Amino acid sequence: MMPTLIVLLLVIVAVAVIVWVVRRQPAHAPRPGEDQDTAWNDPITPAETHHHHPHEPESRP
């Protein structure tokens with residue numbers, strides 16, 4: 001019975017250490033060559049809204 005408790009205690013301690021280490025790691029640091037700014041939440045400027053849409057017919061003079 002005693003060896004089982006020791007093994008169980010060691011497993012619990014190992015899991016606790018792994019969880020602690022994973023939570024302490026800093027946020028994702030970009031690697032060299034990796035795009036650092038995806039601009040997914042940047043506001044759309046008026047200059048970006050004037051591009052041609054292929055599904056709209058062109059006006060003819």
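Note: the structure precedes this text.
Please read these numbers as outputs of a predicted model, since none were measured by experiment.

A. Seen up close, the overall build of the chain. The secondary structure content of the chain amounts to 1 helix and 0 strands. Looking at the chain residue by residue over its 61 residues, the buried ones come to 0%. Put simply, the chain shows about 6,500 Å² of open surface, and 65% of that area lies on carbon and sulfur atoms.

B. Layout of a nonpolar patch on the surface. Residues M1, M2, L5, I6, L8, L10 and I12 make up a contiguous nonpolar surface patch of about 780 Å² in total accessible area. Within the secondary structure layout, I12 lies in helix α1 (residues 2-24).

C. Main features of α1. With 23 residues, α1 should reach 33 Å at 1.5 Å per residue; the first-to-last C-alpha distance of 33 Å fits that figure. For α1, the buried fraction is low: 0 of the 23 residues fall into the buried class.

Reading guide: rules and limits
- For every chain, the first residue of the written sequence is number 1, and numbering continues from 1 along that sequence.
- Local features in this predicted model are restricted to residues whose pLDDT is 70 or higher, and side-chain atom pairs enter the listing and the counts only when it is 80 or higher, whereas totals over whole chains, interfaces and linings include all residues.
- With hydrogens and water stripped out, all remaining heavy atoms of the structure feed into the side-chain values.
- The helix and strand labels rest on DSSP assignments: H or I over at least four residues marks a helix, E over at least two residues marks a strand, and numbering proceeds from the N terminus.
- Each residue is assigned to one of three classes by its accessible area relative to the maximum for its type, calculated with a 1.4 Å probe on protein chains only: buried under 20%, partly exposed between the two thresholds, exposed over 50%.
- Surface accessibility follows the Shrake-Rupley procedure with a 1.4 Å probe radius. Residue values consider only the protein chains on display as shielding.
- Grouping into patches uses exposed residues only, defined as over 30% relative accessible area, and leaves out salt-bridged ones; the cut-off is 9 Å for like charges and 5 Å for nonpolar side chains (Val, Leu, Ile, Met, Phe, Trp, Tyr).
- A pairing counts as a salt bridge when a side-chain nitrogen of Lys or Arg comes within 4 Å of a carboxyl oxygen of Asp or Glu.
- One less than the residue count of a helix, multiplied by 1.5 Å, gives the span that helix is expected to have.

Don't take any of this as a statement about function, it's just geometry.
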